[in-house]
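Fold and contact review
So you can see what is in the structure, the chains are spelled out below.
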Amino acid sequence: MAKIVDTPVIDVHAHVGQWGAKFRPASPKMYVDIMDAAGVDRMGFNCIYFDDERKSHNVVADWVSKYPDRFIGVAFGTPRHPDETIPELERAFDQLGFKYMKIYPTYYTKPVDDPSYDLIFEWANSRGIVIMCHSSNVADWDTLTLPTKFIGLAKRFTKVKWLLAHSGNAMRGQVLAVEAAKQCPNIYLEICTSFAEAGTIEFLVNGAGEDRVLFGSDIPLMDPRYHVGRVVTADISEAAKQKVLGLNAKKLLGL
Amino acid sequence: MGKVDLDFKPSVPVFDACITVGRRYDRYIRVDNVADTLATMDRAGVQRALAYTPHALDFDSVEGNSYLMEMIKGQPRLVPQFAVNPSFDDLPLMAKSMKQHGVRSLRIAPKFQRYPFREWVLGPFFDWLEANRTPVWVAAEEIDPSEFHATVSGRPGLRFVMSQVHFMHETWAVPLLMSLPNVSIEVSRMLQPNSFNKLIDAIGAERVMFGSRFPDSAMAPQLYYLHRSGLSQSQLQAVCAGNLGRLLGKG
């Protein structure tokens, strides 16, 4: 029997900007329409397509302005132009009202624990920021964002809340992500992936705890309806489903 | 606040067009036996599933298909699909085994099996398929789209199903479906935004089939997505079971 509930549903992993090269249309209206169909209240999105934090933040701010009650701005940081990074992060959080930030080592082409990232991590640590980062280990070569790399970071930068996007992706990465979450109370796991095998949601919740797993979709790559579906059909308690869908994000991001 | 169904079950009968059964030689699988597969189907609201075993592709079709039949042992909810290597296998022997076990579909992997997907290699195999009205599943990663299009367009009497089409294949998969009316798609990896609406707008609902690729993906989420895509009840019925049943002659 259907059990329709009113519960916060917050998609913490989304991207904005145009990506026609990958056949990915995107517009604020398109996102809101999909959110409505999926039952998603709010969506936090970043723009990682430009190697220019100011440009990225302006794109995000413009989108947020279209539906400020539904959209949450997420900052982007890259060490590639260090003189620009901190001033721009301060603008994002202090003026634009962004709530957390994304880093993407894959585009920076260095591992997440490369010392050049310390600039960002020290700043984020001083402010207790949530940093979401791509985390993946689908094959032996896939190590830039190996989930266990975050253990050292989480222990060094203890005031940062580390949100591992994709929770390592495939099963071998999920095992590492859960291990990282077990070792570090400031590591959280986000669920979206196209690699996830049956039983992934259950594995993440049972391994990391129902309070530390968060729903995300990776739109425009994937539709939130699929990932909401992964949570609501998982063999976990109703309370756990509600936490993963949005209560955990509400608490983590102070929404 | 968001309205979500915490106890979602599909509102129509479901026949999953793509699952596997059995262990893998190269990795651990969370659900690798029939009992747990059936339990998953019950929880997901899936009545039947078309099942093959990867061993039949990865190693040997004769031994693998026999292994599949051992595992599913006449379980009526699991409908067997055989894998075949048309460049190696004894096709009359395969045909006999298919008839013996009531198998109505095949799966091939041209790139992995290392043959050009061309008439001059597969002609006799295509003749047999056409004579026996047997549809063939091919994973998108096994398809060279230009080769596939050239070959399949010359054989309008054949029936193919593109399987596990990922967003990496999107740029050619939909145009290919639009230009080849004898090709259907199972949507296990169509996770893109609005993917079902775009697909059905492009080719209609009759060639779209629900598949999950379980256990490489969970079984139910794609059903949830389908049910939240604004499809009509008749479209949902067709996609979730009717189209596959018709293709296999199983209603």
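Everything below is about the structure shown above.
Residues numbered from 1 in each chain as written. Chains lettered and ligands numbered in written order. Predicted model: local features only at pLDDT ≥ 70, side-chain atom pairs only at ≥ 80, totals over all residues.

Moving on, we come to helix α8 (residues 170-179) of chain B. Because each turn of an α-helix spans 3.6 residues, side chains separated by three or four positions end up pointing in the same direction. Residues and elements named next belong to chain B. Within α8, the full set of buried residues consists of A173, V174, L176 and L177. What you see down the axis of α8 is that its buried residues fit within an arc of 160 degrees, all on one side. For α8, the exposed residues lying more than 90 degrees away from the buried face are T171, M178 and S179. In this fold, the buried residues of α8 make contact with α7 (145-153), β8 (160-163), β9 (183-186) and α9 (195-203). (Buried ≥ 20, exposed ≤ 12 C-beta atoms within 10 Å, placed from the backbone. Helix = DSSP H or I, 4+ residues; strand = E, 2+ residues; numbered from the N terminus. Arc of directions from axis to C-beta. Contact = placed C-beta atoms within 7 Å.)

Let us look at the sheet that holds strand β2 (residues 10-15) of chain A. Residues and elements named next belong to chain A. Overall, parallel pairing links the 8 strands, which are arranged β2-β3-β4-β5-β6-β7-β8-β9 in an open sheet. The open sheet has two edge strands, β2 and β9 (213-214), and neither has a second partner. By the bridge criterion, 3 bridges tie strand β3 (residues 42-46) to strand β4 (residues 71-76) in an arrangement that is parallel. From the neighbouring strand, M43 faces β4, where its bridge partner is F71. (Pairing = 2+ DSSP bridges.)

Take the nonpolar core next. Counting residues in hydrophobic clusters, the biggest one holds 167 residues, and the most contacted among them are M101, I131, W162 and L164 of chain A together with A51, M162 and V239 of chain B. Broken down by element, this core gets its largest block of residues, 7 residues, from helix α11 (residues 233-248) of chain B. With residues near it in sequence (within four places) discarded, M101 of chain A still touches V74, A75, F76, G77, L89, A124, I129 and I131 of chain A. (Core = buried A, V, L, I, M, F, W, Y, C linked by C-beta atoms within 7 Å.)

Okay, the interface of chain B and chain A next. Facing 35 residues of chain B, the contacting portion of chain A comprises 38 residues. Of all the secondary-structure elements, those providing two or more residues to the side of chain B that touches chain A are β1 (2-5), α1 (34-44), α8 and α10 (221-227) of chain B. Of the residues contributing to the side of chain B that touches chain A, the split by class is 17 nonpolar, 9 polar and 9 charged. (Nonpolar A, V, L, I, M, F, W, Y, C, P; charged D, E, K, R; others polar.)

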